[in-house]
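Below are the chains, spelled out letter by letter.
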Amino acid sequence: DAGITQSPRHKVTETGTPVTLRCHQTENHRYMYWYRQDPGHGLRLIHYSYGVKDTDKGEVSDGYSVSRSKTEDFLLTLESATSSQTSVYFCANGLTWDTEAFFGQGTRLTVV
Amino acid sequence: AQSVTQLGSHVSVSEGALVLLRCNYSSSVPPYLFWYVQYPNQGLQLLLKYTSAATLVKGINGFEAEFKKSETSFHLTKPSAHMSDAAEYFCAVSAKGGSEKLVFGKGMKLTVNP
């Protein structure tokens, strides 16, 4: 996992509640990404960060926000969880000329 | 913009048989290409990557892939499947250079039958 840990690993939450997933990294990666994985869709980019307090949207950003107040922590928030956000969420560092893209172990989120 | 196509969602082979997983890409710039493997309830692990050096790339666990620009393909092969190869495989593309996101295909679940 190259120093990328996600928490929690599993969560069940109710529709309409806010949820925050945490991605913690110890390798000082500048670029970090949040993906969601769904059957038949592969991994799709939700949001990404290119530095502290610098973030941007991916292809499936509706209903999600992110924050990065320090390099090592990249938070993904579901503002009001819906059943369509039931998924497995992965955090990864950005690919660079000298760094592979490594993935965390994932967070399995179920919205009931 | 980049995209990846993995046709089909499942492939089944017998133990010892050839594994062939197809990947076609589209990229407006020279691409980096990757294959990742995901075992059940785990994250993604890099199998191999193409970054414009040799067109035939060897990876871990006996897998290899060949970059064919004329066919915009990067198919993954392994001469002899093992039971331990059962997993989901993802092809991904990234723009060459800089800090770039990966764009993934939809994945291919490989089943290996005894």
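Provided above is the structure to which this section pertains.
Residues numbered from 1 in each chain as written. Chains lettered and ligands numbered in written order. Predicted model: local features only at pLDDT ≥ 70, side-chain atom pairs only at ≥ 80, totals over all residues. Heavy atoms only, no water.

Chemist: How should I be thinking about the side chain of Ser61 of chain A in this particular structure?
Modeler: On the secondary structure map, Ser61 of chain A appears in the loop between β6 (54-57) and β7 (64-70). Discounting chain neighbours no more than four positions away, the residues touching Ser61 of chain A are Ile46 and His47 of chain A. (Helix = DSSP H or I, 4+ residues; strand = E, 2+ residues; numbered from the N terminus. Contact = heavy atoms within 4.5 Å.)

Chemist: Could you clarify how one ought to interpret the sheet that holds strand β1 (residues 4-7) of chain A in this entry?
Modeler: Hydrogen bonds between backbone atoms are what pair the strands of a sheet, whose relative direction is either parallel or antiparallel. Residue and element names in this part refer to chain A. Pairing within the open sheet is antiparallel, and its four strands lie in the order β1-β3-β8-β7. Every interior strand has two partners, whereas the edge strands, β1 and β7, have only one. Neighbour-to-neighbour, the strand axes of the sheet open up by a mean angle of 20 degrees, direction not taken into account. Strand direction decides the pairing type here: strand β3 (residues 19-25) and strand β8 (residues 73-78), joined by six bridges, are antiparallel. (Pairing = 2+ DSSP bridges. Axes fitted to C-alpha atoms, helices over the stretch in contact; angles between N-to-C directions.)

Chemist: Any chance you could explain the sheet that holds strand β4 (residues 32-38) of chain A here in plain terms?
Modeler: Residue and element names in this part refer to chain A. Read across the open sheet, the six strands follow the order β2-β10-β9-β4-β5-β6; overall the sheet is mixed. At either margin of the open sheet sits one strand with a lone partner, and together these are β2 (10-13) and β6. Averaged over all neighbouring strand pairs, the angle between strand axes comes to 25 degrees, with direction disregarded. Note: strand β5 (residues 42-51) against β6, four bridges, orientation antiparallel. Opposite Ser49, over in β6, you have Thr55 as the bridge partner.

Chemist: How should I be thinking about the packing of aromatic side chains in this particular structure?
Modeler: Two measures describe an aromatic ring pair: the distance that separates the ring centres and the angle between the ring planes. In the structure shown here, the tally under the stated rule is 16 aromatic pairs over all chains. Where Tyr33 of chain A meets Tyr35 of chain A, the ring centres are 6.3 Å apart and the plane angle is 35 degrees; that geometry is what we call tilted. Residue classification places Tyr33 of chain A among the buried positions, given a relative accessible area of 3%. Owing to a relative accessible area of 2%, Tyr35 of chain A belongs among the buried residues under this scheme. Three or more aromatic residues joined by ring pairs make a cluster, and in this case those are Tyr33, Tyr35, Tyr48, Tyr50 and Phe103 of chain A together with Phe34, Tyr36, Phe90 and Phe104 of chain B. (Phe/Tyr/Trp six-rings, centres within 6.5 Å; stacked < 30°, edge-to-face > 60°. Buried < 20%, exposed > 50% of the residue type's maximum accessible area, 1.4 Å probe, protein only.)

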